[in-house]
Amino acid sequence: MTPVGGFLELEPLTEQITDFAGKPLRSGRACLSAILNRESPKRVFVPSYLCDAAVRAVSAAGSNVEFYGLDSDLQPLLDPRDVDQDSMVLMVTYFGLSQTLPLSLIRSFRRPIVDNACAFYRSMPGDFWSFNSARKFVGVADGAYLTGPNSAEIDASSNVFGSEEHLRARQLGEPDAHQLYRRAERSFDNSVSAMSDRSRRRMSRADHVKICNRRRRNYESLQEMLGMANRLQIGLDADDVPHYYPFLSSIPIHQRLIQEGILVPSLWSEVITRSPRSPSWEQDLATRLLPLPIDQRYGHVHMERVAAVVREVLDDI
Ligand SMILES: Cc1ncc(COP(=O)(O)O)c(C=O)c1O
């Protein structure tokens, strides 16, 4: 049976044109580097539940990394009074759910940076820094939008080609698609490059209404079918467009789901092995949280299959 999930295939084009606010850069990391180059903070507070790619971008910019924890709703456990004026705070909208990072909480910090890599469609006011990452939501090779004070003045010199080889290979079901995808992912670094012209064009012509509606509907289907068994209870707000459906299980079952054709990524295994040691809640998230696929390729039938496999695997234990 065809697997459900995994990286996206090339996004189909429509006649509609959509414009995006912000400076178009190559990746989330490029945006973060641009912000830190501009602001030069001595220290950046980052959540322990975060990928190494983002943590490394902070160190590479010459700022010290200070980890902080999250509460049971994935909101920062950080007192604004403990953040001095030489420091910035990186905060994540997890899974595209704005309840993990309400605007009032962002505004309680003096120098916030909002990481919407998992919340592409969340729009932010322009008086503080924020960025997203297009390829996590749309089938494009690269791209991210940076918003913030004078973001238009950011100088992004080089413009990388942005190979779509892996996206096409995925679409055609070619066996080397995953290898090509890994190679494409390895090509991202912390340099402040611009989004490729190809991805800009593809982003402006993608069917964003369909993408948003499908993602929301699939999320709601899984919430209906699996919500009672989910140990994480975070609501979907009216404007949210989710990345995955985060299902926190009592034990790790990633491998079992993958064997059954439900492709769930590990977010993020480095949280478990990192030094200094991550708090136990963050380790639990990295071990037991299943980011279930809900993207625009899928509809209700696929969600029924995802839910049935999760239930079967859990019943089996
Ligand atoms: C939460 C988060 N922030 C930032 C990034 C970096 O984004 P990009 O891969 O576009 O550089 C990622 C993904 O790697 C991420 O998951």
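Here the structure is a predicted model, which means the values were calculated and not measured. (Residues numbered from 1 in each chain as written. Predicted model: local features only at pLDDT ≥ 70, side-chain atom pairs only at ≥ 80, totals over all residues.)

Caption draft 1: Structural context of the site of the ligand. Surrounding the ligand, one finds 14 residues, the nearest of these being Ser27, Gly28, Arg29, Ala117 and Ser133. Among the residues making up the shell around the ligand, the classes are represented as nine nonpolar, three polar and two charged. (Near = placed C-beta within 6 Å. Nonpolar A, V, L, I, M, F, W, Y, C, P; charged D, E, K, R; others polar.)

Caption draft 2: Broad picture of the packing of helix H1 (residues 28–39) against helix H2 (residues 52–60). In the contact formed by H1 and H2, the axes pass within 9 Å of each other and the chain directions differ by 30°. By the angle between their directions, the pair H1 and H2 is classed as roughly parallel. Relative to H2, H1 is oriented so that their crossing is right-handed. Mapping the contact onto sequence places Gly28, Arg29, Leu32, Ser33 and Leu36 in H1 and Ala53, Ala54, Ala57, Val58 and Ala60 in H2. (Axes fitted to C-alpha atoms, helices over the stretch in contact; angles between N-to-C directions. Helix = DSSP H or I, 4+ residues; strand = E, 2+ residues; numbered from the N terminus. Parallel < 35°, antiparallel > 145°, perpendicular 65-115°, else oblique. Left-handed = near helix turned anticlockwise from the far one by under 90°. Contact = placed C-beta atoms within 7 Å.)

Caption draft 3: Structural context of the sheet that holds strand E8 (residues 129–132). One open sheet holds the eight strands; their spatial order is E2-E9-E8-E7-E6-E3-E4-E5, and the pairing between them is mixed. Edge positions in the sheet fall to strand E2 (23–25) and strand E5 (76–77), since each of these pairs with one other strand and no more. In the sheet, strand E3 (residues 43–47) pairs with strand E4 (residues 64–70) via five bridges, with the strands oriented parallel. Bridge pairing links Phe45 to Glu66 in E4. (Pairing = 2+ DSSP bridges.)

Caption draft 4: Seen up close, the packing of helix H7 (residues 208–226) against helix H11 (residues 300–316). Look at H7 against H11: their axes get within 9 Å of each other, and the N-to-C directions meet at 35°. Seen along the crossing, H7 lies across H11 with a hand that is right-handed. Between H7, through Asn218, Ser221, Leu222, Met225 and Leu226, and H11, the contact on the second element is made entirely by His300, Met303, Val306, Ala307 and Val310. In terms of residue class, the contact of H7 with H11 is built from seven nonpolar, three polar and no charged.

Caption draft 5: A look at the domain arrangement of the protein chain. One can read the domain layout of the protein chain as domain 1 (16–159 + 189–205) and domain 2 (208–316). The straight-line distance from the C-alpha centre of domain 1 to that of domain 2 is 23 Å. Tallying the contact residues gives 22 residues for domain 1 and 21 residues for domain 2. Its residues assigned to classes, the side of domain 1 that touches domain 2 shows 12 nonpolar, seven polar and three charged. (Domains from an automatic or database assignment.)

Caption draft 6: Quick peek at H11. A rise of 1.5 Å per residue sets the reference length of H11, with its 17 residues, at 24 Å; its end C-alpha atoms lie 24 Å apart and thus fit the reference within 8%. All buried positions along H11 are accounted for by Met303, Val306, Ala307 and Val310. In a view along the axis of H11, the buried residues occupy a sector of 90°, so they form one face of it. Along H11, the residues that are exposed and aim more than 90 degrees away from the buried face are Val301, Glu312, Asp315 and Asp316. Of the surrounding elements, those touching the buried residues of H11 are strand E1 (4–5), H7, strand E10 (245–248), helix H8 (254–259), strand E11 (262–263) and strand E12 (289–292). (Expected span 1.5 Å × (residues − 1). Buried ≥ 20, exposed ≤ 12 C-beta atoms within 10 Å, placed from the backbone. Arc of directions from axis to C-beta.)

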